[in-house]
Amino acid sequence: MLTARRALPADGRPGGAALPSQWGSRYERTGQAVPVEYADEPSFRRWCSAAAAVPRPDRVNLRGLHPLLRAEIQWGMCWHARQQHGKWELALIQRVADYGRARGLRSLTDTDADDPGLRKAVSRDGARIAVSIAAGLRPLYVTPGETREAGYILTEHFGRKLNDRPGRIDLDRISQRWLRDLVWDHFAGVLRSPSCRARAAPSTTRGAPGWN
């Protein structure tokens, strides 16, 4: 409450919100709810929904995010922890969440690592986190048939990963559709083969396509 009180003057006291005098000793110390007065409560509530979350140690605040975006960040944190590819700073993940809240994002798949606005808002490392989660989600959001139609292959659909290479194989430079489909079918057959040398993708979430 004290942090929120200090934040209000910087934003011009939206909605005319005000706390009673000596609210800490009169209400908080006795376990009572602190009454808040408003000149325009709807304006204050709108400010609350758009304001950045107050930082808390060892915690990421996802309130106010679109439900899909909130689920993606939660999934991404679990997915990264299981991959064991290094540590993500929670402060950076909070920046990503704040960025999504402020811009009304529905999904991290709408982000672009080359977007200067994203890098400026969440830092370069934060942008990498957002794009990394989005990349991990793509095999869940499209089917192999859809990737064939679009002209690319996601190796994780077949439970495979290519060492030190992206899991996406683009075939869009093949101008003839019939030939592109043949190449797609060939690669799919190779990836499905037990003799394929690409290593199996680790199990990360139950029910994900291409994962054990």
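Residues numbered from 1 in each chain as written. Predicted model: local features only at pLDDT ≥ 70, side-chain atom pairs only at ≥ 80, totals over all residues. Heavy atoms only, no water.

Participant: Any chance you could break down the overall build of the protein chain for me, citing the residues and the numbers?
Facilitator: Secondary structure assignment for the protein chain yields eight helices and four strands. In sequence order, the secondary structure elements of the protein chain are arranged as α-α-α-α-α-α-α-β-β-β-α-β. Relative to its 212 residues, the protein chain shows a buried fraction of 34%. A separation threshold of at least 6 residues defines the contact pool for the protein chain, and within that pool the share at least 24 residues apart is 56%. (Helix = DSSP H or I, 4+ residues; strand = E, 2+ residues; numbered from the N terminus. Buried < 20%, exposed > 50% of the residue type's maximum accessible area, 1.4 Å probe, protein only. Contact = heavy atoms within 4.5 Å.)

Participant: Requested: an account of the pattern of salt bridges, with residues and values cited.
Facilitator: Oppositely charged side chains can form a pair if their charged atoms are brought close together. This structure, assessed with the given rule, holds seven salt bridges. A salt bridge links R128 to D125, with the shortest nitrogen-to-oxygen separation between them at 3.4 Å. Here D125 and R128 lie together in helix α6 (residues 116-141), a separation of three residues that amounts to about one turn. Given a relative accessible area of 54%, R128 falls into the exposed group. For D125, a relative accessible area of 42% translates into the label partly exposed. The partner of R177 in a salt bridge is E149, and the shortest N-O contact between them spans 3.0 Å. (Salt bridge = Lys/Arg side-chain N within 4 Å of Asp/Glu carboxyl O.)

Participant: Could you give an account of the packing of aromatic side chains, naming the residues involved and the relevant values?
Facilitator: Between two aromatic rings, the relevant description is the distance of the centres plus the angle of the planes. Scanning all chains against the criterion turns up three aromatic pairs. On the numbers, 5.0 Å between centres and 45 degrees between planes, the contact of Y38 with F44 is tilted. Y38 sits in the partly exposed class, given a relative accessible area of 27%. Relative to W79, the ring of W75 has its centre 5.4 Å away and its plane inclined at 10 degrees; by these criteria the two rings are stacked. Of this pair, W75 and W79 both sit in helix α4 (residues 67-83), separated by four residues, roughly a single helical turn. One cation-aromatic arrangement involves R168 over Y152; the distance from NZ or CZ to the ring centre is 3.7 Å. (Phe/Tyr/Trp six-rings, centres within 6.5 Å; stacked < 30°, edge-to-face > 60°. Lys NZ or Arg CZ within 6 Å of the ring centre and 35° of its normal.)

Participant: Can you break down the nonpolar core residue by residue, with the values?
Facilitator: Of all hydrophobic cores here, the largest spans 23 residues; its most connected members are I73, L108 and I133. Elements represented by at least two residues in this core include exactly α4, α5 (90-103) and α6. In terms of residue count, the dominant contributor to this core is α6 (eight residues). Each residue touching I73, except ones within four places of it in the same chain, is listed here: L62, L65, I93, A97 and L108. Membership of the second largest hydrophobic core comes to seven residues, among which are I153, F158, W184 and C196. (Core = buried A, V, L, I, M, F, W, Y, C linked by side-chain atoms within 4.5 Å.)

Participant: Let's hear about the packing of α4 against α5: which residues, and what values?
Facilitator: When two helices pack together, their arrangement is captured by the angle between the axes and the distance separating the axes. As a packed pair, α4 and α5 sit with axes 11 Å apart at the nearest point and diverge in direction by 165 degrees. What the angle tells us is that α4 and α5 run roughly antiparallel. Classified by chirality, the crossing of α5 by α4 is right-handed. Contacts from L69, I73 and M77 of α4 reach α5 at L90, I93, A97 and G100. Residues that form the contact of α4 with α5 fall into these classes: six nonpolar, one polar and no charged. (Axes fitted to C-alpha atoms, helices over the stretch in contact; angles between N-to-C directions. Parallel < 35°, antiparallel > 145°, perpendicular 65-115°, else oblique. Left-handed = near helix turned anticlockwise from the far one by under 90°. Nonpolar A, V, L, I, M, F, W, Y, C, P; charged D, E, K, R; others polar.)

In short, shape yes, function no, at least from these values alone.
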